[in-house]
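# Architecture at a glance
Okay, here's what each chain looks like letter by letter:
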Amino acid sequence: QVQLVESGGGWVQPGGSLRLSCAASGSIFSIYYMTWYRQAPGKQRELVATISSGGSTNYADSVKGRFTISRDNNKNTMYLQMNNLKPEDTAVYYCNFYMRTSGSAPLGGYWGQGTQVTVSS
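In this report, we go over the structure that sits alongside the text. A quick note: this is a predicted structure, and the numbers were derived from the prediction, not measured.

Moving on to the pairing of strand β11 (residues 115–119). In β11, alternate side chains face the same way, and those of Thr115, Val117 and Val119 are buried while those of Gln116 and Thr118 on the opposite face are not. The sheet contact formed by strand β2 (residues 10–12) and β11 spans three bridges and is parallel. Note on β11: the bridge partner recorded for Val12 is Val119. Taken together, the three bridges between strand β9 (residues 91–100) and β11 define a ladder with antiparallel strand orientation. By the bridge assignment, Ala91 is partnered in β11 with Val117.

And the structure:
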């Protein structure tokens, strides 16, 4: 069993900052891609940022220059530093790890429960 636990969400005024974390526990063999998604009310879930096991990153155009994704492989943890937040960043943020739970297990995607980020004045 694998659990992904997110933390760091909350309410912030426009222009403010938040740092999200997503920590995995349980049976973990190797984690390849770590990804943040978000889903605003009435909208489809969208990719925010992703980071490979080697540290390569990709961002949605809407967050480039404002968000920074990082990972700590020793802690099986991913972070999302969000600066200069805008009201349109309001959403539930989900983490996803693409990983193996053992050497013989197939690759699979595992999701966190989501954390709410609200940006408003």
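Here we take up the pattern of salt bridges. Scanning all chains against the criterion turns up four salt bridges. Residue Lys64 pairs with Asp61 through a salt bridge whose shortest N-O separation is 3.1 Å. The burial state of Lys64 is the same as that of Asp61; both residues are exposed. A network of salt bridges, in which partner residues are shared, links Arg38, Glu46, Arg66 and Asp89.

This paragraph deals with unusual backbone geometry. Despite not being glycine, Asn76 has its phi angle at roughly 50°, a positive value. Mapped onto the elements, Asn76 comes out in the loop between β7 (67–72) and β8 (77–82). If you check the backbone angles, Asn84 has positive phi at about 50° while not being a glycine. Following the sequence through the fold, Asn84 ends up in the loop between β8 and β9.

Counted by the stated rule, this structure contains one disulfide. The disulfide that involves Cys22 links it to Cys95, with 2.0 Å between the sulfurs. Classification of the bridge connecting Cys22 and Cys95 rests on its S-S torsion, roughly 55°, and on that basis the disulfide is right-handed. Of this pair, Cys22 sits in strand β3 (residues 18–26) while Cys95 is found in strand β9, placing the two residues 73 residues apart along the sequence. A residue is classified by how much of its surface remains accessible, and Cys22, at 0% relative accessible area, is buried.

Cut-offs applied
Positions within a chain are numbered from 1, following the residues in the order the chain's sequence is written. For a predicted model such as this one, the threshold for reporting local features is a pLDDT of at least 70, and the threshold for listing and counting side-chain atom pairs is 80 or more; totals across whole chains, interfaces and linings nevertheless cover every residue. Hydrogens are left out, water is left out, and the side-chain values use all remaining heavy atoms of the structure. Burial status follows relative accessibility: with a 1.4 Å probe on protein chains alone, a residue under 20% of its type maximum counts as buried, one over 50% as exposed, and anything between as partly exposed. Where helices and strands are cited, they refer to DSSP runs of H or I of at least four residues and of E of at least two residues respectively, numbered from the N terminus. Pairing between strands is defined by DSSP: at least two bridges between them are needed. By salt bridge we mean one thing: a side-chain nitrogen of Lys or Arg within 4 Å of a carboxyl oxygen of Asp or Glu. Only a pair of cysteine sulfur atoms within 2.5 Å qualifies as a disulfide here.

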